[in-house]
Amino acid sequence: MNRESTHQSIKSRVPLMSKLEDYIPQSEETSETSICQDCGAVYMNGRWRWMAHPPHDTAKTICMACRRIHDKKPAGVVTIQGKFSREHSDELLALIRNIELEKKAENPLQRIMSIDKRAEKLSIATTDAQLARGIGKALRQQYKGSLDFNYQRGEIVLRALWQR
């Protein structure tokens, strides 16, 4: 299978983002402290973070990660394919989940939206392009193989393809 057709098959299952503005912080996120009514992440001093005890009377909003999850519009998609993915899927998924836990602890906007497991392919949709990039790089570092990053024209979704 050539890489062009692989990217086409990935592209066909992941919806395009309709407008970039939908994923830019809302005005309340840029001017004051806000809390995501879905996940509880707190926007304060210009960044999202997890807080055990958020300030009282905080403005309610929906963070960009939760918005992407609701809209089913990922910022990154990692596709893992080949015989190796079938034979080691549990090991690969454990590595991917560990990366997500580490990244999400630092930045609430870096989350896995979905994992689609098929015969010889795993597809991981993420709320943040940097998480997708980090997953791809970790796979290459841990298991070697080939890794390609691709932004399709007209999209703002990072597509990573790792295979071995």
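Scope of this entry: the structure provided in the associated data block. (Residues numbered from 1 in each chain as written. Predicted model: local features only at pLDDT ≥ 70, side-chain atom pairs only at ≥ 80, totals over all residues. Heavy atoms only, no water.)

## Here's the deal with unusual backbone geometry
Unusually for a residue other than glycine, Asn45 sits at a positive phi of about 55°. Structurally, Asn45 is set in the loop between strand S2 (42-44) and strand S3 (47-49). Residue class for Asn45 comes out exposed when judged on its relative accessible area of 71%. Of note in the backbone geometry, Lys144 takes a positive phi value of approximately 65° without being a glycine. Here Lys144 is to be found in the loop between helix H6 (129-143) and strand S8 (146-151). Under the relative-accessibility criterion, Lys144 is labelled exposed at 56%. (Helix = DSSP H or I, 4+ residues; strand = E, 2+ residues; numbered from the N terminus. Buried < 20%, exposed > 50% of the residue type's maximum accessible area, 1.4 Å probe, protein only.)

## Concerning the nonpolar core
Ranked by size, the top nonpolar core spans 22 residues in total, and within it Val78, Ile80, Leu92, Ile124, Ile135, Leu139 and Trp162 carry the most contacts. Counting residues per element, the ones that place at least two in this core are strand S5 (76-81), helix H5 (89-106), strand S7 (121-126), H6 and strand S9 (158-163). Sorting elements by how many residues they give to this core places H6 first, with seven residues. Setting aside residues no more than four positions away along its own chain, Ile135 makes contact with Val78, Ile96, Ile99, Ile124 and Thr126. (Core = buried A, V, L, I, M, F, W, Y, C linked by side-chain atoms within 4.5 Å. Contact = heavy atoms within 4.5 Å.)

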